[in-house]
Amino acid sequence: RSAARGLAHAARLAYLSGMSELQTRGFFAVGAEGISKPMNLGALIRTAHAFGAGFVFLVDAYYAVRDALSDTSRAERQLPIYEYPDAASLVLPKGCQLVGVEVVDEAIPLPSFRHPLAAAYVFGSERGELSPAMLARCAFVVRIPMRFCVNLAVAGAIVMYDRYLCTAGKET
């Protein structure tokens, strides 16, 4: 079983690393680090599926996709979902920029953020924030201008909707 998991990881790494920038133009992905509530995971995956995400990724997740009971669309059958043990293991397609969504002073307010053509948005856990290792990997860190944090799945929906408005559905 461990050998099969290793082969699957190697195949995924080769696939994602080998994609050309032309192929990665105009797509997005969403992910979460340390997600601990299966209902939030399900809502995030369902929303990503509805907005047309290319894939979903989970880093140091407490729950598996099978536990995500709120995803009634069964997105895992339509949308690749990758799991990684830590931030250092995260593999993204060539040309894809990691965008952290976090409430930190130096973050770019979402309304003034120019979304990259190929982006992977990562959200922190419900009980915490993005790890220093994950923040270090981010090309950008954005924040939703609110007085306090909102539910992870709600934050994901806001960012995906903002991306949709800014790209006006022009993704290729």
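Above this text sits the structure in question.
Residues numbered from 1 in each chain as written. Predicted model: local features only at pLDDT ≥ 70, side-chain atom pairs only at ≥ 80, totals over all residues. Heavy atoms only, no water.

S.K.: Whenever I open this one, helix H2 (residues 38-51) confuses me. Can you help?
M.R.: With 14 residues, H2 should cover 20 Å at 1.5 Å per step; its first-to-last C-alpha distance of 20 Å lies within 8% of that length. When we look at burial in H2, the residues that qualify are Asn40, Leu41, Gly42, Leu44, Ile45, Thr47 and Ala48. Looking at the packing, one finds that the buried side of H2 touches strand E1 (27-33), strand E2 (55-59), strand E3 (81-84) and helix H4 (152-167). After H2 finishes, the residue Gly52 shows a positive phi value of roughly 85 degrees. (Helix = DSSP H or I, 4+ residues; strand = E, 2+ residues; numbered from the N terminus. Expected span 1.5 Å × (residues − 1). Buried < 20%, exposed > 50% of the residue type's maximum accessible area, 1.4 Å probe, protein only. Contact = heavy atoms within 4.5 Å.)

S.K.: Quick question: what am I supposed to make of the environment of Val142 here?
M.R.: In this fold, Val142 is placed in strand E7 (residues 140-143). The buried category is assigned to Val142, whose relative accessible area is 1%. Residues Val142 and Leu110, spaced 32 residues apart in sequence, show a C-alpha to C-alpha distance of 5.7 Å. Not counting the four nearest positions on each side in its chain, Val142 is found in contact with Val99, Gly100, Val101, Glu102, Ala107, Ile108, Leu110 and Phe113.

S.K.: Teacher, can you tell me more about H4 here?
M.R.: Residue pairs three or four apart in sequence face the same way in an α-helix, which turns once every 3.6 residues. Taking 1.5 Å per residue as the helical rise, H4 with its 16 residues ought to reach 22 Å, and the 23 Å between its terminal C-alpha atoms agrees with that figure. Taken together, the buried positions of H4 are Leu152, Ala153, Ala155, Gly156, Val159, Met160, Asp162, Arg163 and Thr167. Looking at the buried residues of H4, the elements they touch are E1, H2, strand E4 (97-101) and strand E6 (118-123). A positive backbone phi angle near 50 degrees is found at Ala168, which sits one or two residues after H4.

S.K.: Could you clarify how one ought to interpret the packing of H2 against H4 in this entry?
M.R.: Between two packed helices, what matters for the description is the angle formed by their axes and the separation of those axes. In contact at an axis separation of 8 Å, H2 and H4 are set at 15 degrees when each is read in the N-to-C sense. By the angle between their axes, H2 is roughly parallel relative to H4. The two elements H2 and H4 meet at a crossing, and its hand is right-handed. Taking contact as the criterion, the partners of Asn40, Ala43, Leu44, Thr47, Ala48 and Phe51 in H2 are, on H4, Leu152, Ala153, Gly156, Ala157, Met160, Tyr161 and Tyr164. Along the lines of polarity and charge, the residues of the contact of H2 with H4 split into ten nonpolar, three polar and no charged. (Axes fitted to C-alpha atoms, helices over the stretch in contact; angles between N-to-C directions. Parallel < 35°, antiparallel > 145°, perpendicular 65-115°, else oblique. Left-handed = near helix turned anticlockwise from the far one by under 90°. Nonpolar A, V, L, I, M, F, W, Y, C, P; charged D, E, K, R; others polar.)

Everything listed here is a matter of geometry and, on its own, says nothing about what the molecule does.
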